[in-house]
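Coordinates in review
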Amino acid sequence: DAVCTKCHDESEAKPLLSIYQTKHGVRADARTPSCQSCHGRSEQHVSGGKGVGEASRPTPDIVFKTKSALNPTLDAATQVEVCIGCHKGGQRMHWEGSQHSSRDVVCASCHSVHVKADPVLNKSSQQEVCFSCHKTERAQTHRLSTHPLAAGKMGCSDCHNPHGTTGPKLLSKGSVNETCQSCHAEQRGPFLWEHEPVTEACTNCHTPHGSNNAPLLKARAPWLCQSCHSGDHAAQVNSGANLQGGALTMANGNQLLAGAAARAQMGGRACLNCHMVVHGSNHPAGSKFQR
Ligand code: HEC
Ligand code: HEC
Ligand code: HEC
Ligand code: HEC
Ligand code: HEC
Ligand code: HEC
Ligand code: HEC
Ligand code: HEC
Ligand code: HEC
Ligand code: HEC
């Protein structure tokens, strides 16, 4: 490293040498990279100018930057190849062809290797790195009902593997449900009575990043339920007049107590007051998710 640190020393505006306080600076480890294993031999850069501050100095062989309007011509593949060379497999098994890779996002778009603590590896600072490109999700995580992301108790990487996956949307487990159920075991089932939209995808009713309808619901009941259930019974529950006036008539002719239905409405929980276990039921008589 002496070749490079002759010029690039503590006087740099950005503290480059704190790399020696990271895992890339563990001198006792033979796998540890030198300046040149990342930036290339850069012979012309080293010899090409007269000293520090020389404007015409050729750039090093490999410069790590995110492709942007300011840097439109960076060769993403070359940058990534350097890092992948030492970091093949593991979490990065599916980097090739992943959503990030195919849009020229590079390792250094997320990782800062010269600082003592890479912000993307820490749950409380990670999301800011992601938000620099994902503005929609930033807004979502500030809604009333969210996963505890802002609190730093969770990171985006609890659900996503940003390096690439085999499933959709870079989800760390193969599917939406496997991802959610890895933490929410109660909703996993199998249930004696399954509710089809639950077994299909939690995201039929929930949003992962944030919602103004607790708990993380796409809409409030009864509207949530009525987006799929439009039968007479469902329609009547939602009509206040009908409930006050008399009995609620089920599609099969059964009558429900008006009082019960009205209370259901007043509670603001609508369908959920009667259909209490919407994720599925293990009760022999729970086919309508009432117990
Ligand atoms: C003779 C002095 C000198 C030596 C030796 C030297 N550099 Fe530089 N380097 C510079 C100057 C001057 C700049 C441009 C100003 C700056 O950013 O500090 C620069 C810039 C860079 C940049 C930023 C390039 C960019 O476009 O953003 C990198 C990366 C770099 N050097 C890496 C290295 C590496 C790796 C070595 C060792 C192989 C090395 N340098 C050796 C003087 C030197
Ligand atoms: C693990 C790979 C790696 C090693 C080892 C490494 N660098 Fe870097 N370097 C990077 C990356 C990635 C960037 C882009 C900015 C960042 O991530 O901090 C960078 C940025 C730079 C810059 C430009 C800083 C700026 O943004 O203005 C200079 C100069 C530089 N490195 C010099 C060095 C020198 C000198 C060494 C040896 C002491 C070295 N690098 C070792 C990966 C590396
Ligand atoms: C010459 C091999 C080599 C190169 C090139 C290299 N690394 Fe590493 N990297 C390592 C080693 C060795 C470790 C420590 C691994 C360990 O402790 O298990 C490491 C660790 C890391 C870590 C984990 C740090 C931590 O604190 O846990 C990250 C992130 C990382 N490298 C990213 C990068 C990126 C990004 C690049 C390209 C800019 C890169 N590496 C290039 C060898 C390399
Ligand atoms: C979109 C952002 C992003 C990009 C791009 C990215 N990483 Fe990461 N990387 C992360 C996050 C987030 C973590 C922490 C993962 C966790 O907590 O499970 C991580 C962790 C790591 C680690 C440490 C964990 C381990 O597997 O040992 C290494 C090494 C690493 N990345 C290397 C790379 C390399 C090499 C590339 C480029 C091919 C890359 N990363 C590209 C976000 C990114
Ligand atoms: C440099 C910009 C950049 C950064 C930083 C970044 N991403 Fe992305 N991400 C993209 C681009 C570009 C896409 C491609 C899809 C698109 O157009 O939005 C994408 C797509 C995604 C997707 C959606 C994949 C799909 O199938 O639609 C997820 C999930 C994602 N990123 C998560 C993350 C996470 C988590 C982080 C932080 C660890 C992160 N990203 C950091 C640029 C970035
Ligand atoms: C609780 C799990 C979870 C967490 C935490 C999480 N996501 Fe997601 N994310 C998902 C799921 C599930 C999807 C797919 C949504 C769908 O298909 O409707 C998704 C989709 C995305 C998409 C694609 C959006 C689209 O419209 O296709 C991006 C980008 C994204 N997430 C970024 C992030 C970022 C950035 C963070 C951290 C702030 C984050 N996610 C945290 C579960 C999560
Ligand atoms: C890494 C673990 C983890 C994963 C994966 C996860 N969650 Fe969560 N979830 C949590 C934590 C922690 C809370 C907050 C619990 C609390 O505050 O008591 C939470 C809260 C919730 C809540 C709100 C509960 C309430 O009472 O307000 C819902 C709904 C939820 N998650 C749905 C999902 C869905 C849907 C997915 C998949 C897209 C998912 N979760 C993936 C950990 C996770
Ligand atoms: C048919 C719509 C629907 C689907 C699909 C759905 N949920 Fe829910 N979920 C709800 C409703 C409605 C609530 C609020 C229950 C209440 O207030 O009593 C809820 C509440 C939750 C809660 C908060 C704790 C609780 O039980 O009150 C968690 C956690 C949760 N769901 C996780 C999941 C997971 C994981 C999946 C996928 C396996 C999933 N949900 C699928 C409608 C759904
Ligand atoms: C994404 C669509 C969707 C949403 C949202 C939805 N359901 Fe369902 N629900 C279904 C499907 C599909 C079935 C099974 C087919 C059927 O019997 O109609 C079902 C079955 C049911 C059944 C049993 C029906 C029977 O005949 O055995 C009840 C009760 C029910 N849902 C209540 C609710 C409630 C309450 C909500 C709101 C919390 C809700 N559903 C939200 C799609 C949905
Ligand atoms: C006052 C209690 C109550 C409320 C409120 C209620 N239900 Fe029901 N629901 C029932 C009962 C009891 C049955 C079972 C009737 C039977 O066994 O024939 C049922 C049956 C159903 C069925 C099965 C098919 C059908 O139409 O018979 C669906 C779907 C359903 N409810 C959806 C909803 C939706 C959606 C809402 C909210 C808009 C809702 N329910 C509100 C008590 C209620």
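Residues numbered from 1 in each chain as written. Chains lettered and ligands numbered in written order. Predicted model: local features only at pLDDT ≥ 70, side-chain atom pairs only at ≥ 80, totals over all residues. Heavy atoms only, no water.

Moving on, we come to the overall build of the chain. Assigned secondary structure in the chain consists of 15 helices and 2 strands. Considering the chain as a whole, with its 291 residues, one finds that 25% of them fall into the buried category. Intrachain contacts of the chain at a sequence separation of at least 6 include 43% that bridge at least 24 residues. Accessible area of the chain: about 18700 Å², with a carbon and sulfur share of 57%. (Helix = DSSP H or I, 4+ residues; strand = E, 2+ residues; numbered from the N terminus. Buried < 20%, exposed > 50% of the residue type's maximum accessible area, 1.4 Å probe, protein only. Contact = heavy atoms within 4.5 Å. Areas by Shrake-Rupley, 256 points an atom, 1.4 Å probe, with all protein chains shown as cover.)

Taken together, the protein donors to the iron atom of ligand 5 comprise His-100 (NE2) and His-134 (NE2), at separations of 2.0 Å. Considering all 6 donor atoms around the iron atom of ligand 5, the spread of angles at the metal, 87 to 180°, places the coordination shape in the octahedral class. You can see His-100 sitting in helix 5 (residues 99–102) and its partner His-134 sitting in the loop between helix 7 (123–131) and helix 8 (135–140), a full 34 residues away along the chain. (Donors = N, O, S within 2.8 Å, 3.2 Å for Na, K, Ca; no water. Tetrahedral: all angles 85-135°; square planar, octahedral: opposite > 155°, others 65-115°.)

Ideal coordination angles are 109.5 degrees for a metal with four donors arranged tetrahedrally and 90 or 180 degrees for a metal with six donors arranged octahedrally. Protein coordination of the iron atom of ligand 7 is provided by His-147 (NE2) and His-184 (NE2), with donor distances spanning 2.0 Å. In this structure, the iron atom of ligand 7 is coordinated by 6 donor atoms arranged in octahedral fashion, with angles at the metal of 88 to 179°. Linking His-147 in the loop between helix 8 and helix 9 (176–181) with His-184 in the loop between helix 9 and helix 10 (196–200), this pair joins segments that are 37 residues apart in sequence. Assessed through its relative accessible area of 42%, His-184 is described here as partly exposed.

Near ligand 3 you find 14 residues, and of these Lys-23, His-24, Cys-83, Cys-86 and His-87 are the closest. For ligand 3, a nitrogen atom lies 2.8 Å from a polar atom in the side chain of His-24. Between ligand 3 and His-87 there is a distance of 2.8 Å, counted from a nitrogen atom to a side-chain nitrogen or oxygen. It is helix 4 (residues 76–86) that provides the largest number of residues to the shell around ligand 3, a total of 3 residues. Along the lines of polarity and charge, the residues of the shell around ligand 3 split into 9 nonpolar, 3 polar and 2 charged. (Near = heavy atom within 4 Å. Polar contact = N/O pair within 3.5 Å; in protein donor to acceptor, adjacent residues only side chain to side chain. Nonpolar A, V, L, I, M, F, W, Y, C, P; charged D, E, K, R; others polar.)

We now examine helix 7. Among the residues of helix 7, those classed as buried are Gln-126, Gln-127, Val-129 and Phe-131. Tucked inside the fold, the buried residues of helix 7 contact helix 6 (107–110) and helix 8. By the N-cap criterion, in which a side-chain oxygen at the helix start approaches the backbone nitrogen of a residue two or three places on, helix 7 is capped by Asn-122, the distance to Ser-124 being 2.9 Å.

This next bit is on the environment of Glu-128. Checked against the element boundaries, Glu-128 lands in helix 7. Note on Glu-128: relative accessible area 44%, which makes it partly exposed. Sequence spacing of Glu-128 and Arg-138 is 10 residues, and the spatial spacing of their C-alpha atoms is 8.4 Å.

By size, the foremost hydrophobic cluster in this structure holds 5 residues: Ala-76, Val-80, Ile-84, Trp-95 and Val-106. If sequence neighbours within four positions are ignored, Ala-76 has contacts with Asp-104 and Val-106. (Core = buried A, V, L, I, M, F, W, Y, C linked by side-chain atoms within 4.5 Å.)

The omega torsion of the bond from Ala-214 to Pro-215 falls at -15°, within 30 degrees of zero and hence cis. For the bond running from Ala-221 to Pro-222, omega is 5°, close enough to zero to count as cis. Residue position: Pro-222 is located in the loop between helix 10 and helix 11 (223–226). One non-glycine residue with positive phi stands out, namely Leu-170, at about 55°.

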